[in-house]
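Geometric and topological summary
One letter stands for each residue in the lines below.
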Amino acid sequence: MRQLSWKRIWSIVRKEFIHIRRDPRTIALILLMPIMQMFLFGYAVSTNVEHIKTIIWDQARDQRSRELIQALVQSNYFDVVAYVESHDDIRGWVDRGKARVGFVIPADFSRRIDRGETAPVQVLLDGSDPTTASTVLSAAGAIVQAKSAQITAVTLERRGMASGKLGLPRIDLRPWVWYNPEMKSVNFNIPGLIGVILQNITMMLTAFAVVRERERGTLEQLIVTPIKPFELMWGKVIPYIIIGFADLLLAIAVGILWFGVPVHGNLLLLLALSFIFLVGALGIGLLISTISRTQLQAMQLTMFLVMPNILLSGFMFPQDAMLGFIQKISALIPLTYFIEILRAIILKGVGIGYLLFQVFYLLVFGLAIMAISALKFRKNLE
């Protein structure tokens, strides 16, 4: 057996570091990945939901109703974004995703309390997100109970009765859960999972489309043929569009037939909007493929993008639980809007009129990223 030589080992070590130094993209990913993971898991991974977008239908509009609203706001759980005049207004805000919960205070709220009766307060909430819905019910219940006890104590004191003999709460919270009455987590997770699967598979497959040809040396052979760069690009992309739609249909079928997720909206509309999202996902994959030199780099860049998409898109963790600047970052991620579309159509059964902003963003992003990818693709070929 030959004697171990540290000199030879050190030569190999130096050689490897030289190779690493010549690959700045890999070095950047190595250094950025742990930093990104720390920030993502530190700020985005949270189930402590606060500042929930709330709308109020205050029919009483008196001192007591304003005090109840103030108690809700001061808890930091509820941010009142609008005051409305009907149940239809509340449903419209919730359907558009502009609010998560609505409180309805009846016109005889104070009169019932003055007569010593139970005053009902209705809470209408979006049950498509069970985590947020559970937080709403728990927080609202605690706030209303505390306010009820306070009102009861004041009432009994005015009547000259001992405050220790408190009766039942005078305010009764009556929840009404929309879209997912049983608050099943599977109904929330499956639509989001469909979006994650569609993006990750198409983005990953497309990311290897060009770089694989380059590594095998067949890209140069394609360049010398009469095929134009634009034709070559779409020839690469179209198969993955077909694969993406096949995966989408398969995922929807499994969600409906196996997991029993009800689809309340139009499936044809869902497929049409999925195509718009698919264009953007394929554009990202194509861009990765054109800027990567090896399949390993393509894989690293893809994985670098996968984690923020999963954590910040609202697929796993409520966006209401994220810090403000994290929410702004999540607003740039196309998957955020596609998951909103999936849950809105599948769980809420809404139409295109409620999804115009999401569709507009996905359309602009898809066209922009595909144009950038096409220019980069053409430049590489030339």
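Structure report, in brief.

How each quantity is defined
Residues numbered from 1 in each chain as written. Predicted model: local features only at pLDDT ≥ 70, side-chain atom pairs only at ≥ 80, totals over all residues. Heavy atoms only, no water. Pairing = 2+ DSSP bridges. Helix = DSSP H or I, 4+ residues; strand = E, 2+ residues; numbered from the N terminus. Axes fitted to C-alpha atoms, helices over the stretch in contact; angles between N-to-C directions. Buried < 20%, exposed > 50% of the residue type's maximum accessible area, 1.4 Å probe, protein only. Contact = heavy atoms within 4.5 Å. Patch = residues over 30% accessible without salt bridge, like charges linked within 9 Å, V, L, I, M, F, W, Y side chains within 5 Å. Areas by Shrake-Rupley, 256 points an atom, 1.4 Å probe, with all protein chains shown as cover. Salt bridge = Lys/Arg side-chain N within 4 Å of Asp/Glu carboxyl O. Phe/Tyr/Trp six-rings, centres within 6.5 Å; stacked < 30°, edge-to-face > 60°. Lys NZ or Arg CZ within 6 Å of the ring centre and 35° of its normal. Left-handed = near helix turned anticlockwise from the far one by under 90°. Nonpolar A, V, L, I, M, F, W, Y, C, P; charged D, E, K, R; others polar. Polar contact = N/O pair within 3.5 Å; in protein donor to acceptor, adjacent residues only side chain to side chain.

1. Details of the sheet that holds strand β3 (residues 101–105)
Taken in spatial order, the five strands make up an open sheet running β2-β1-β3-β4-β5, and their pairing is mixed. Two strands close off the open sheet at either side, each with one partner strand: β2 (78–83) and β5 (171–178). Put simply, the sheet's adjacent strands are angled 25° from each other on average, direction ignored. Note that strand β1 (residues 52–58) and β2 share five bridges and pair parallel. Looking at the pairing, Lys53 lines up with Asp79 of β2.

2. Considerations on the side chain of Thr302
Within the fold, Thr302 resides in helix α12 (residues 295–312). By relative accessible area, Thr302 is classed as buried at 0%. In contact with Thr302, not counting residues within four places along its chain, are Met203, Met204, Ala207 and Ile288.

3. With respect to a nonpolar patch on the surface
On the surface, a nonpolar cluster with roughly 470 Å² of combined accessible area is contributed by Leu250, Val254, Trp258 and Phe259. Tracing the backbone through its elements, the reader meets Trp258 in the loop between α10 (229–257) and α11 (267–291).

4. Looking at the packing of aromatic side chains
Under the criterion given, the structure shown has eight aromatic pairs. Between Phe277 and Phe338, the aromatic rings sit 4.2 Å apart at their centres with planes inclined by 5°, giving stacked as the arrangement. One end of the pair, Phe277, is in helix α11; the other, Phe338, is in helix α14 (residues 334–348), and 61 residues separate them in sequence. Relative accessible area serves as the criterion here: at 2%, Phe277 is assigned to the buried category. A residue is classified by how much of its surface remains accessible, and Phe338, at 0% relative accessible area, is buried. Following the ring pairs from residue to residue traces out a cluster consisting of Tyr337, Phe357, Tyr361 and Phe365. Of note, Lys98 hangs over the ring of Trp93, and the distance from its end group to the ring centre comes to 5.9 Å. Its guanidinium or amino end placed over the ring of Phe188, Arg343 lies 3.6 Å from that ring's centre, counting from NZ or CZ.

5. Notes on the packing of helix α7 (residues 185–207) against α11
Contact pair α7 / α11: the axes reach a minimum separation of 7 Å and the direction vectors enclose 35°. Between α7 and α11 the crossing geometry is right-handed. Contacts from Gly195, Leu198, Gln199, Thr202, Met203, Thr206 and Ala207 of α7 reach α11 at Ser274, Phe277, Leu278, Ala281, Leu282, Ile284, Gly285, Leu286, Ile288 and Ser289. Residue composition of the contact of α7 with α11, by class: 10 nonpolar, seven polar and no charged.

6. Observations regarding the environment of Ala71
Residue position: Ala71 is located in helix α3 (residues 63–74). Separated by 76 residues in sequence, Ala71 and Lys147 have C-alpha atoms that sit 7.7 Å apart.

7. Focus: helix α4 (residues 87–95)
Buried within α4 we find Ile90, Gly92, Val94 and Asp95. At its buried positions, α4 is contacted by β1, β3, β4 (119–126), β5 and α14. The backbone nitrogen of Asp88 lies 3.4 Å from a side-chain oxygen of the residue at the head of α4, namely Ser86. After α4 finishes, the residue Gly97 shows a positive phi value of roughly 75°.

8. As for the pattern of salt bridges
Evaluation of the coordinates by the stated rule reveals nine salt bridges. Where Asp172 meets Arg174, a salt bridge forms, and the shortest distance between an N and an O atom there is 3.0 Å. On the accessibility criterion, Asp172 (30% relative accessible area) is partly exposed. For Arg174, a relative accessible area of 45% corresponds to the partly exposed category. Look at the salt bridges and you will find they share partners, linking Asp108, Arg112, Arg115 and Glu117 into a network.

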